[in-house]
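# Topology and contacts: notes
Single-letter residue listing:
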Amino acid sequence: MKKNIYYIVLCLIALGTYSCQDLDELNKNPNKGEQTHPELLLTDIQAKTFQVEGTSALYASRMIIQTGEESSYQYYKWGAGSFNNYNVLRQVTKMIEEAKRLDDPNYIALGKFFRVYHFYQLSMKFGDIPYTEALQGESTALYQPKYDRQENVFEGILNELDEAEALLSPEISISGDIIYGGNHTKWKKLINSFQLKVLITLSNKTTVGSTNIADKFNQVASRALISSLDDNAQLEFQDQLGSRYGEFNSSSYGSSMYMASTYVDLLKGLQDPRLFVVAEHTANAASEGLPVNDFTAYNGGNPADNYSEVQETLVKNGNISKVNRRYYKDPTNEPHNVLSYWEVEFILAEAATRGWINTNAATHFQNAVRANLMFYQLHAERYTDYFNETEIQNYLNQSSLTLEGSVEEQLETIITQKYITGFLQTGWRIYYDYLRTGFPEFQYPQSLTPPYRFVYPNSEYNNNTTNLEAALNAQFGGNDGIRQQPWWLQ
């Protein structure tokens, strides 16, 4: 009996000693790792960030219409937006933490880029957002972050892009990179080019914080930039589960989604072959067997008209085009670009026209249009013949593609061509360009005007009320409306 008690006491002493010294170890789940290499996080972050953003922006930007019911995006009646970008930002935060643990500057640099990308998207969507205090719930138990003024957010992301560009080290490899395959030079080009995108977004402002926007643009434009289609920041799709094109098999392309006249008429007026790759023949044209390149075979519906009227006057009469089926029938279709060579060249053309840089705006403009046409030559296989060198040059030779006249007239030409390139590419960029420039002209019911922003999510009203109310009072006098104008447009 004494022997048994002796052993029990020894066990209790040992257990007590172990508990005091290694209680944390006992609480750890051996089947769930608490550390991971940042390359594993990078792959998933990239796949989510570079995915196609869907049709909402196309409705808002007058590229498609709905005829079966009223689309809130088409008729400018949308409400609350989503803070889903913060879900990706949590992964980005973890990737940066793991990179710091491994003392790897490259994953920190890429983490800063993805922070910038998602904070930019959030601020463009809402205005003021949680930024400096965001994403600290796990590290400091800060679950109700304050909102930063939009100007401070933009100033911060410009600084983070400078830091990211400086951190990238070619001596240390980057694994898990499904965009550039670990190519440091291309990442530098993307980081610098994205900074130009952020700066051109602020074309209606002179400064952001203490930074002169035009001077900063001129400085960054002298760095390495995206300079060919090979540099495109794009996600290529594979015909396997989880890797297919984002709109593949999407039910939203059912019987009631059609092309908008704003977009179709613009392409028809320019005799633009990109019409062939984004739209289908009308039912009448298909029954007549008209060739692909017959521009009379395409037609769109007015996005300002009542959806039932379009149904009665165009759909039932077989005189309206649907979206080209390759977008929802082809599992690989075309790569989706977060930032492309043609967009960078459009940005440079605009900056040169505004006098921010001393380069030839017409050259940048021609480079941009050519690059986008060549993109479809590479990725719209059924339509390659309409994008050969002769066809491209004939298109570029049109007088309507000459940059001349006033600065405003030149900007209209640049932004209109930039708009054409946005069909299921770069998400809401085309709509934001319209808000800041007014080009091209959008049609909408006279009783409505285009919204400037989204309403904050209901979750913020429930979980971060005090800080949200302070942000609304600082921006809009307490009014959380879609037509309240955020700082970047003021």
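Read on for an overview of the structure. (Residues numbered from 1 in each chain as written. Predicted model: local features only at pLDDT ≥ 70, side-chain atom pairs only at ≥ 80, totals over all residues. Heavy atoms only, no water.)

## Examining the overall build of the protein chain
Formally: Working definition: helices are DSSP H or I runs of at least four residues, strands are E runs of at least two. Numbering for both runs from the N terminus. Each residue's exposure class comes from its accessible area (1.4 Å probe, protein chains only) as a fraction of the maximum for that residue type: buried when under 20%, exposed when over 50%, partly exposed otherwise. Two residues qualify as a contact provided that any one of their heavy atoms is within 4.5 Å of a heavy atom in the partner residue.
Summing up its helical and strand segments, the protein chain has 21 helices and six strands in all. Taken over the C-alpha atoms alone, the protein chain extends approximately 100 × 50 × 50 Å along its principal axes. Within the protein chain, the proportion of its 490 residues that are buried is 53%. In the protein chain, 74% of the contacts between residues at least 6 apart in sequence involve partners at least 24 apart.

## Some points on the packing of helix H15 (residues 341-354) against helix H16 (residues 361-379)
As a reminder of what qualifies: Inter-axis angles, ranging from 0 to 180 degrees, are taken between N-to-C directions of lines fitted to C-alpha atoms, where helices are fitted over the stretch in contact. Our angle categories are set so that under 35 degrees counts as roughly parallel, over 145 as roughly antiparallel, 65 to 115 as roughly perpendicular, and the remainder as oblique. In this scheme the crossing of two helices becomes right-handed for a clockwise turn of the near helix relative to the far one and left-handed for an anticlockwise turn of less than a right angle. Under the scheme applied, nonpolar residues are Ala, Val, Leu, Ile, Met, Phe, Trp, Tyr, Cys and Pro; charged residues are Asp, Glu, Lys and Arg; polar residues are all the others, including Gly.
Viewed as axis vectors pointing N to C, H15 and H16 meet at an angle of 160°, and their least axial separation amounts to 8 Å. The orientation of H15 relative to H16 falls into the category roughly antiparallel. Crossing hand, H15 versus H16: left-handed. Contact residues: H15 offers Tyr341, Trp342, Glu345, Phe346, Leu348, Ala349, Ala352 and Thr353, while H16 offers Ala361, Thr363, His364, Phe365, Asn367, Ala368, Val369, Ala371, Asn372 and Phe375. Here the residues of the contact of H15 with H16 sort into twelve nonpolar, five polar and one charged.

## Notes on empty space enclosed by the protein
Any empty space left between atoms is shown by rolling a water-sized probe over those atoms. Which entries qualify depends on this criterion: A 1.4 Å probe that fits but cannot get out identifies a cavity on a 1 Å grid over protein atoms alone, an open set with protein on both sides within 12 Å along at least five of seven lines counts as a pocket, and a residue lines either if it has an atom within 4 Å of a point. Grid points are joined across faces, edges and corners, and a volume is the space filled by probe spheres set on the points.
All chains considered together, the criterion is met by three cavities of 30 Å³ or more. Within this model, the largest cavity holds a volume of roughly 170 Å³. Tyr120, Lys197, Glu343, Arg429 and Tyr432 are, among the 19 residues lining the largest cavity, the residues nearest its centre. Only helix H5 (105-126), helix H8 (184-201), strand S6 (336-339), H15 and helix H19 (429-437) provide two or more residues apiece to the lining of the largest cavity. The residue makeup of the lining of the largest cavity, split by class, is eight nonpolar, four polar and seven charged. Size it by volume and the second largest cavity reaches roughly 40 Å³.

## Remarks on the layout of surface pockets
In this model, the largest pocket occupies a volume close to 560 Å³. Top contributing element to the lining of the largest pocket by residue count: helix H4 (residues 85-101), with six residues. Here the lining of the largest pocket is built from residues that sort into eight nonpolar, eight polar and six charged. Each pocket or cavity is described by its volume, and for the second largest pocket that value is around 390 Å³. Lining the second largest pocket are 18 residues; nearest its centre among them are Glu53, Asn85, Gln121, Lys125 and Trp428. Of all elements in the fold, only helix H2 (38-49), H4 and H5 reach the threshold of two or more residues within the lining of the second largest pocket.

## Some details on a negative patch on the surface
Rule in force here: Two joining distances apply to patches: 9 Å for like charges and 5 Å for nonpolar side chains (Val, Leu, Ile, Met, Phe, Trp, Tyr), and every residue must have over 30% relative accessible area and no salt bridge. For the area figures, the Shrake-Rupley method with a 1.4 Å probe applies, and any residue is considered shielded solely by the protein chains shown. Criterion for a salt bridge: a side-chain nitrogen of Lys or Arg within 4 Å of a carboxyl oxygen of Asp or Glu. In this charge count, Lys and Arg are treated as positive and Asp and Glu as negative; neither His nor the chain ends contribute. One atom stands in for each charge, and that atom is NZ of Lys, CZ of Arg, CG of Asp or CD of Glu.
On the surface, a cluster of negative charge is contributed by Glu404, Glu408, Glu409, Glu412 and Glu441. Note on placement: Glu412 falls in helix H18 (residues 407-420). Note on Glu412: relative accessible area 38%, which makes it partly exposed.

## Thoughts on the packing of aromatic side chains
The criterion, for reference: A pair of aromatic rings is counted whenever rings of Phe, Tyr or Trp (Trp by its six-membered ring) have centres within 6.5 Å, and the orientation is called stacked for planes under 30 degrees apart, edge-to-face for over 60 and tilted otherwise. Think of it as a cone above the ring: NZ of Lys or CZ of Arg counts as a charge over the ring if it is within 6 Å of the ring centre and within 35 degrees of the ring normal.
On inspection of all chains with the given rule, the structure shows 45 aromatic pairs. On the numbers, 5.4 Å between centres and 10° between planes, the contact of Phe126 with Tyr456 is stacked. Of this pair, Phe126 sits in helix H5 while Tyr456 is found in the loop between H19 and helix H20 (458-463), placing the two residues 330 residues apart along the sequence. Residue Phe126 shares its accessibility class with Tyr456, and that shared class is buried. Relative to Phe387, the ring of Tyr376 lies with its centre 6.2 Å away and its plane at 35°, an arrangement referred to as tilted. With a gap of eleven residues between them, Tyr376 in helix H16 and Phe387 in the loop between H16 and helix H17 (389-396) connect regions that are remote in the sequence. In this arrangement the basic side chain of Arg453 is found over the ring face of Tyr456, its NZ or CZ atom lying 4.9 Å from the centre.

## Structural notes on unusual backbone geometry
Between Phe439 and Pro440 the backbone carries a cis peptide bond, its omega angle lying at -15°. Residue placement: Pro440 occurs in the loop between H19 and H20. Of note, the phi angle at Tyr76 is positive, near 55°, even though the residue is not glycine. On the basis of relative accessibility, which here comes to 0%, the residue Tyr76 falls in the buried class. We note that Leu424 has phi near 55°; this positive angle belongs to a residue other than glycine. Of note, Leu424 is situated in the loop between H18 and H19.

## Notes on the nonpolar core
Condition: Put simply, a nonpolar core is a bunch of buried Ala, Val, Leu, Ile, Met, Phe, Trp, Tyr and Cys residues held in one set by side-chain atoms that sit within 4.5 Å of each other.
The biggest cluster of nonpolar side chains holds 142 residues, and the ones touching the most others in it are Phe217 and Phe423. Excluding residues that lie within four positions of it along the chain, Phe217 makes contacts with Leu196, Leu199, Ile200, Ile347, Leu348, Ala351, Trp356 and Ile357. Core analysis: the next-biggest nonpolar cluster, separate from the first, contains seven residues, Ile65, Ala260, Leu314 and Val315 among them.

## Some details on the side chain of Asp433
You can see Asp433 is positioned in helix H19. Since its relative accessible area comes to 7%, Asp433 is described here as buried. Excluding its chain neighbours within four sequence positions, the residues that come into contact with Asp433 are Ile415, Lys418, Gly438 and Phe439.

## Regarding the pattern of salt bridges
Counted under the stated rule, the structure contains 26 salt bridges. Each of the salt bridges in this network shares a partner with another, and the network as a whole consists of Lys197, Glu343, Glu350, Arg354, Lys418, Arg429, Asp433 and Arg436.

## Considering the environment of Leu41
With respect to the helices, strands and loops of the structure, Leu41 is situated in helix H2. Residues Leu41 and Glu98, 57 residues apart in the sequence, show an inter-C-alpha distance of 9.5 Å. Once residues lying within four places of it in the same chain are set aside, the contact partners of Leu41 are Thr36, Gln91, Lys94, Met95 and Glu98.

## Focus: the packing of H15 against H18
It is the contact of H15 with H18, at a shortest axis distance of 10 Å, that shows an interaxial angle of 175°. Relative to H18, the element H15 is oriented roughly antiparallel. Together, Glu343, Phe346, Ile347, Ala349, Glu350, Thr353 and Arg354 of H15 and Val407, Gln410, Leu411, Ile414, Ile415, Gln417 and Lys418 of H18 make up the contact between the two elements. Partitioned by chemical class, the residues of the contact of H15 with H18 number seven nonpolar, three polar and four charged.

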